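A structural walkthrough
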Amino acid sequence: MATGNGTTAIALRDLHKKFGDVHAVDGIELDVAEGGFFSLLGPSGSGKTTVLRLIAGFETPTRGTVTLAGQDVTRRAPFERDVTTVFQDYALFPHMSVEQNIAYGLKVRGASRKEQAERVRAALESVRLDGFGARRPAQLSGGQRQRVALARALVVRPRVLLLDEPLGALDLKLREQMQTELKELQRDVGITFVLVTHDQAEALALSDRVAVMNAGRIEQVGTPGELYESPGTAFVASFVGTSNTLTGAAAQLIVGKPGTFGVRPEKIRVLSEAGEHDRRDHSEAHGTVVDAVYLGDSTRVVVDIDAGVRFVVVRQNLDTTAADAHALPGSRVLLRWHRRHNIPLSTAT
Ligand code: ATP
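The following paragraphs examine the structure supplied in this document. On a predicted model such as this, the values are computed, not experimentally measured, just so you know.

**Topic: the packing of aromatic side chains**
The description of an aromatic ring pair rests on the distance of the ring centres and on the angle between the ring planes. All told, the structure shown has five aromatic pairs when counted by the stated rule. Pairing F58 with F87 gives two aromatic rings, centres 6.0 Å apart and planes at 45°, and the pair type is tilted. In this pair, F58 is assigned in the loop between α1 (48-56) and β4 (63-68) and F87 in the loop between β6 (83-86) and α2 (98-108), connecting sequence segments 29 residues apart. F58 sits in the partly exposed class, given a relative accessible area of 37%. With a relative accessible area of 29%, F87 lands in the partly exposed category.

**Section: the packing of α2 against helix α3 (residues 113-126)**
Two elements in contact, α2 and α3, have axes separated by 9 Å at closest approach and are oriented at 125°. Put simply, α2 runs oblique to α3. Relative to α3, the crossing made by α2 is right-handed. Seen from α2, the contacting residues are V98, E99, I102, A103, L106 and K107; seen from α3, they are Q116, R119, V120, A123 and L124. A per-class count over the contact of α2 with α3 returns seven nonpolar, one polar and three charged.

**A few points about the site of the ligand**
Taken together, the neighbourhood of the ligand is formed by F19, V22, A24, P43, S44, G45, S46, G47, K48, T49 and T50. The separation between an oxygen atom of the ligand and a polar main-chain atom of G45 is 2.7 Å. The separation between an oxygen atom of the ligand and a polar main-chain atom of S46 is 3.0 Å. Here the ligand has 630 Å² of accessible area as a free molecule, and 58% of this is covered by the chains. Elements represented by at least two residues in the shell around the ligand include exactly β2 (22-33) and α1. For the shell around the ligand, the leading source of residues is α1, giving three residues. Residues that form the shell around the ligand fall into these classes: four nonpolar, six polar and one charged.

**Structural notes on the pattern of salt bridges**
Across all of its chains, the model carries 19 salt bridges by this definition. Between E118 and K114 there is a salt bridge; the shortest N-O distance is 3.4 Å. With E118 and K114 both in helix α3 and four residues apart, the pair spans about one turn of that helix. On the basis of relative accessible area, E118 is assigned to the partly exposed category, the value being 40%. Assessed through its relative accessible area of 60%, K114 is described here as exposed. Residue R332 is joined to E273 by a salt bridge in which the shortest nitrogen-to-oxygen separation is 3.0 Å. Of this pair, R332 sits in strand β17 (residues 332-338) while E273 sits in the loop between β13 (269-272) and β14 (282-294); the two residues are 59 residues apart in sequence, bridging distant segments of the chain. On the accessibility criterion, R332 (36% relative accessible area) is partly exposed. Put simply, R13, E29 and D31 are held in one network by salt bridges that share partners.

**Concerning the environment of G222**
Assignment of secondary structure puts G222 in strand β10 (residues 217-222). Spatially, the C-alpha atoms of G222 and L140 are 37 Å apart, while their sequence positions differ by 82 residues. Setting aside residues no more than four positions away along its own chain, G222 makes contact with R209, V210 and L227.

**Concerning the side chain of T320**
Locating T320 in the fold gives a position in the loop between β16 (309-316) and α10 (322-327). If near-sequence neighbours (up to four positions away) are discounted, T320 is found in contact with T299, R315 and A325.

What counts and how
- Residues numbered from 1 in each chain as written.
- Predicted model: local features only at pLDDT ≥ 70, side-chain atom pairs only at ≥ 80, totals over all residues.
- Heavy atoms only, no water.
- Phe/Tyr/Trp six-rings, centres within 6.5 Å; stacked < 30°, edge-to-face > 60°.
- Helix = DSSP H or I, 4+ residues; strand = E, 2+ residues; numbered from the N terminus.
- Buried < 20%, exposed > 50% of the residue type's maximum accessible area, 1.4 Å probe, protein only.
- Axes fitted to C-alpha atoms, helices over the stretch in contact; angles between N-to-C directions.
- Parallel < 35°, antiparallel > 145°, perpendicular 65-115°, else oblique.
- Left-handed = near helix turned anticlockwise from the far one by under 90°.
- Contact = heavy atoms within 4.5 Å.
- Nonpolar A, V, L, I, M, F, W, Y, C, P; charged D, E, K, R; others polar.
- Near = heavy atom within 4 Å.
- Polar contact = N/O pair within 3.5 Å; in protein donor to acceptor, adjacent residues only side chain to side chain.
- Areas by Shrake-Rupley, 256 points an atom, 1.4 Å probe, with all protein chains shown as cover.
- Salt bridge = Lys/Arg side-chain N within 4 Å of Asp/Glu carboxyl O.

Put into structure tokens, the structure is as follows:
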């Protein structure tokens, strides 16, 4: 089951890692439930990979502990942890066949030839690569190499699989296809997957839970729905999806109270200034369209609100044509959204 069985696979306590003056990981507390798909999401340099390497044992923390399935493994070597890692570049052995690559981990663990052959066959089947065993990595496509790397990691039946931007090298279409496969694979094998990614769409698509990282710290942990619908901070609101921000005088004027608020682009309607509109339960803002980008299925409308804020609105092209979109810049509009879409944000990070 993807949501886990209630036990904790990974527990990080007061975890710190310094490289000279750089505080790459700055006091992390995290529990990852067993059997789910968990992602560490954050911008480049936020410390995601370092957290993964601390879990795997490739780095030693400056302070704090790493516990796997209830055992403190902070001082244990990588091979003494029940964890395998899939790297972005796959790190396959180029001179070995696909079969030999996958069998490698079993061989060093002393599995018999018969067991190796059986488990390699099952692993190839699980990533839909039966019949490819004799090929060399160079004779495979990017997506196929990615699957070999997954099979090689899974064949040793780790308790936790760590994935460091595993789809980063693939083109968009293949990436989306592999996302679906990765999620199915996690459900099938039932072990805990921890994915590192800077791609919010990927984290939302794949994960049961996501930790959003910023400058070595975790800003918020939640389900994709919680992070998108109830981001706690301005950073999370702008990193998970796109968000317009209202603060200071503009917030007071439009929301009707002080504070900082996020408004998602797809929650806003673009109306003509002229018509009669029901204002109950709604926030409104007058403005001028400065740009309208026709995206095929939707149009991204950029509006300079009179209160001095620039807003982005995304509308589905139910009836809008490209010509309609291109005629929008320069026109006066009324933006209108339900009050419940004013998300209160903390600006402290
Ligand atoms: P990316 O998405 O670019 O991989 P990240 O979120 O995974 O970024 P990390 O690779 O964990 O971030 O790096 C966090 C910080 O620690 C960065 O400032 C990085 O330069 C620094 N850092 C990471 N590894 C080392 C190292 N071995 N020596 C010195 N500094 C390091």
